[in-house]
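Observations on the model geometry
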Amino acid sequence: QNYLDNFWPDLKAAHELFDSILQAQRERESESQENNGKEYPEHLPVEILEAGIKSGRYVQGTLNVNKHRAQLEAFVRLQGFGSKETG
């Protein structure tokens, strides 16, 4: 803000862009505080997920996405299993 005020006081577009970025940052910080510091809200509470994993309703694994074909290629590696499930 100081740089723009001191060196580019007449550059309205830069000031508007700075204000927009600052507002977006404040909104993101506010959302982060509402979500207890988590970037994304949880779909289900942790307790339900843990109970579902124990009962066998849900499975736990790691999602691996091909960085070169992210829209088309990914697989889930289940914990405790050596095989891959593609999808």
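Quantities reported herein were computed from a predicted structural model and do not represent experimental measurements. (Residues numbered from 1 in each chain as written. Predicted model: local features only at pLDDT ≥ 70, side-chain atom pairs only at ≥ 80, totals over all residues. Heavy atoms only, no water.)

1. Some words on the overall build of the protein chain
Scanning the protein chain for helices and strands turns up three helices and three strands. Reading the protein chain from its N terminus to its C terminus gives the helix and strand order α-α-α-β-β-β. The contacts in the protein chain between residues at least 6 apart in sequence include a share of 0% that link residues at least 24 apart. Put simply, the protein chain shows about 8,100 Å² of open surface, and 52% of that area lies on carbon and sulfur atoms. (Helix = DSSP H or I, 4+ residues; strand = E, 2+ residues; numbered from the N terminus. Contact = heavy atoms within 4.5 Å. Areas by Shrake-Rupley, 256 points an atom, 1.4 Å probe, with all protein chains shown as cover.)

2. Remarks on the pattern of salt bridges
Counting across every chain of the model gives two salt bridges. With a closest N to O distance of 3.4 Å, Arg69 and Glu73 form a salt bridge. (Salt bridge = Lys/Arg side-chain N within 4 Å of Asp/Glu carboxyl O.)

3. Some details on helix α2 (residues 12-34)
The end-to-end C-alpha distance of α2, which contains 23 residues, comes to 33 Å, matching closely the 33 Å that a straight helix rising 1.5 Å per residue would cover. Of the residues flanking the end of α2, it is Asn36, one or two places downstream, whose phi is positive at about 55°. (Expected span 1.5 Å × (residues − 1).)

4. Thoughts on the packing of aromatic side chains
In total, this model carries one aromatic pair according to the counting rule given. Ring plane angle 40° and centroid distance 5.2 Å describe the contact between Tyr3 and Phe7, whose orientation is recorded as tilted. With Tyr3 and Phe7 both in helix α1 (residues 2-7), this residue pair falls four residues apart, about one helical turn. With a relative accessible area of 52%, Tyr3 lands in the exposed category. (Phe/Tyr/Trp six-rings, centres within 6.5 Å; stacked < 30°, edge-to-face > 60°. Buried < 20%, exposed > 50% of the residue type's maximum accessible area, 1.4 Å probe, protein only.)

5. Points about the environment of Gln1
Inspection of the secondary structure puts Gln1 in the segment before α1. According to the relative accessible area criterion, Gln1 is partly exposed, its value standing at 39%. When the C-alpha atoms of Gln1 and Ala14 are compared, they prove to be 9.9 Å apart, with 13 residues separating the residues in sequence. Among all residues touching Gln1, those that are not within four sequence positions of it are His15, Phe18 and Asp19.

6. Side note on a nonpolar patch on the surface
Together, Tyr3, Phe7, Trp8 and Leu11 line one region of the surface with nonpolar side chains, adding up to about 480 Å² of accessible area. The topology assignment puts Trp8 in the loop between α1 and α2. For Trp8, a relative accessible area of 43% translates into the label partly exposed. (Patch = residues over 30% accessible without salt bridge, like charges linked within 9 Å, V, L, I, M, F, W, Y side chains within 5 Å.)

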